Amino acid sequence: MVPGGYGSSSRKVIVDEGVCNLCRRVWHGIQKASLTFTQRLPRPGETLHGTEFRKGFGGKGANQCVAAAKLGASTAMVARLGNDSFCQDFLCILKNNKINTDHVHITNGVSSGMAQITVAESGENTIVIVPGANSILSVADVQQASEMIKMANVVVCQFETPVETTIEALKITKEGEGIAIVNAAPAITNLDPLVLKLSDIFCVNESEAESLTGMQVQSVEEAVVAVGKLLDKGCKQVIITLGASGAVFASQDNSVPVHVPTKKVKPIDSTGAGDMFVGGLAFYLAYYPELPMKEIVKRSCEVATVSVQKYGTQTSFPTKDDLPAELF
Ligand code: ADP
């Protein structure tokens, strides 16, 4: 699963299937999460009785796509699922959020992306991720979706699918007028320079910024330095999200980094906050392209901050009705 958003800030209205004001966004990256709660983590070879089991649906791409869709964006995903018992649940969730699934392929002989998470009472956890079908999302899959990608206002890509697929999606985005957001997550140390060259906005959290710059990024001051380092690597525009401290952004055109604080709240569960931020960013870029970047980042922070005040990931993402009118 790797989400990607494609779009064009200059093309505000696309007419498709008789629907006006349609902004398509495309994401790849889907994953099912199985959460098992135990008193303590099992030792190798040990069998334990757990206290609770929950399942969740995610993957960065799917989360970001659902986040934008819940805000009211017209969205689509480019992704692969395994032909297993979970794929219909996935499709159902995407369709319930009115996400276009024309380019979500079901594959025989491979599982859907999976995350097996065990959480102990101490809060310690172990996580095993099996990329499954995400790892075979191919260049050809993206090429098949090229017409849709070229029409998109915003395209969002993450690093949960093969890098060559992401690069192809970014190249196709450049053939249209869409804005390419690259959310460099999960964290990596070796980044293909082509990804930087082809992305319009490069968005990371603190730990992803640390992996890419080799420096500690735990404060606004450190983020300001890290943003500069990422701009030096060739990013056109960089955003680093900083949890409760909001975000810092800068661009090649205006290289003075700007810190955007977010509201102080009592967080309940910050899982998926970064995905809500990216989904919000894609939504505001597609639907409010006239807003200054500072306002777009501020609103994206604000919708993400709302999400940390609820349990869950996709279930914690706010809809337009949950949010103050001044955000729209
Ligand atoms: P990730 O989930 O990728 O680690 P962050 O933790 O940086 O991403 O969070 C993304 C955004 O979510 C932040 O920029 C902020 O707007 C919001 N956020 C996250 N944690 C908090 C918090 N404790 N209080 C308020 N807002 C938060």
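Residues numbered from 1 in each chain as written. Predicted model: local features only at pLDDT ≥ 70, side-chain atom pairs only at ≥ 80, totals over all residues. Heavy atoms only, no water.

Draft legend 1. Broad picture of the site of the ligand. Residues in contact with the ligand amount to 16 residues; listed here are only the nearest, Thr241, Gly243, Gly246, Gly274 and Thr305. Contact distances for the ligand include 2.8 Å between an oxygen atom and a backbone N or O atom of Gly243. Take Cys301: an N or O atom from its main chain is 3.1 Å from an oxygen atom of the ligand. In isolation the ligand exposes 560 Å². Once the protein is present, 85% of that is buried. Only α9 (273–287) and α10 (293–307) provide two or more residues apiece to the shell around the ligand. If one sorts the elements of the shell around the ligand by residue count, α10 sits on top with three residues. (Near = heavy atom within 4 Å. Polar contact = N/O pair within 3.5 Å; in protein donor to acceptor, adjacent residues only side chain to side chain. Areas by Shrake-Rupley, 256 points an atom, 1.4 Å probe, with all protein chains shown as cover. Helix = DSSP H or I, 4+ residues; strand = E, 2+ residues; numbered from the N terminus.)

Draft legend 2. Highlighting the sheet that holds strand β4 (residues 52–58). One open sheet holds the four strands; their spatial order is β4-β3-β7-β8, and the pairing between them is mixed. Each edge of the open sheet is held by one strand with a lone partner, namely β4 and β8 (125–130). The sheet shows a mean angle of 15° between the axes of neighbouring strands, taken without regard to direction. Direction of pairing for strand β3 (residues 31–38) relative to β4: antiparallel, over a ladder of seven bridges. Bridged to Leu35 within β4 is Arg54. Contacting β3 and β4, helix α2 (residues 87–96) runs over the sheet at an angle of about 60° to β4. (Pairing = 2+ DSSP bridges. Axes fitted to C-alpha atoms, helices over the stretch in contact; angles between N-to-C directions. Contact = heavy atoms within 4.5 Å.)

Draft legend 3. Spotlight on α2. Every buried residue of α2 is accounted for by Cys87, Phe90, Leu91 and Leu94. An end-on view of α2 places all buried positions within 95° of arc, on one side of the element. Facing away from the buried surface of α2 by more than 90 degrees, the exposed residues are Gln88 and Asn96. In this fold, the buried residues of α2 make contact with β3, β4, β5 (75–82) and β6 (99–107). (Buried < 20%, exposed > 50% of the residue type's maximum accessible area, 1.4 Å probe, protein only. Arc of directions from axis to C-beta.)

Draft legend 4. Spotlight on the pattern of salt bridges. Scanning the model with the defined rule gives ten salt bridges in all. A salt bridge links Asp89 to Lys55, with the shortest nitrogen-to-oxygen separation between them at 3.5 Å. With a gap of 34 residues between them, Asp89 in helix α2 and Lys55 in strand β4 connect regions that are remote in the sequence. Overall, the relative accessible area of 30% leaves Asp89 in the partly exposed class. With a shortest N-O distance of 2.8 Å, Arg299 and Glu295 are connected by a salt bridge. In this pair, Arg299 and Glu295 both sit in helix α10, four residues apart, roughly one turn of the helix. Given the relative accessible area of 23%, Glu295 is considered partly exposed. (Salt bridge = Lys/Arg side-chain N within 4 Å of Asp/Glu carboxyl O.)

Draft legend 5. The packing of α9 against α10, seen in detail. Interaxial distance between α9 and α10 falls to 8 Å at its minimum, and their mutual angle equals 140°. It follows from the interaxial angle that α9 and α10 lie oblique. Of the two elements, α9 crosses α10, and the hand of that crossing is right-handed. Contacts between α9 and α10 pair Ala273, Met276, Phe277, Gly280, Leu281, Tyr284 and Leu285 from the former with Met293, Ile296, Val297, Arg299, Ser300, Cys301, Val303, Ala304 and Ser307 from the latter. When its residues are assigned to classes, the contact of α9 with α10 shows twelve nonpolar, three polar and one charged. (Parallel < 35°, antiparallel > 145°, perpendicular 65-115°, else oblique. Left-handed = near helix turned anticlockwise from the far one by under 90°. Nonpolar A, V, L, I, M, F, W, Y, C, P; charged D, E, K, R; others polar.)

Draft legend 6. Examining the nonpolar core more closely. Ranked by size, the top nonpolar core spans 48 residues in total, and within it Ile181, Ile239, Phe277, Leu281, Leu285, Met293 and Val297 carry the most contacts. Here the element with the most residues in this core is α9; it accounts for nine residues. Beyond its immediate stretch of four places on either side in the chain, Leu285 contacts Val154, Ile179, Ile181, Ile201, Met293 and Ile296. One finds Cys157, Leu196, Leu198 and Leu231 within the second-largest nonpolar core, a separate group that totals 40 residues. (Core = buried A, V, L, I, M, F, W, Y, C linked by side-chain atoms within 4.5 Å.)

Draft legend 7. Up close: the packing of helix α1 (residues 60–71) against α9. It is the contact of α1 with α9, at a shortest axis distance of 8 Å, that shows an interaxial angle of 50°. By the angle between their axes, α1 is oblique relative to α9. Crossing of α1 over α9 shows right-handed handedness. Seen from α1, the contacting residues are Lys60, Asn63, Gln64, Ala67, Ala68 and Leu71; seen from α9, they are Asp275, Met276, Val278, Gly279, Gly280 and Phe283. Its residues assigned to classes, the contact of α1 with α9 comprises six nonpolar, four polar and two charged.

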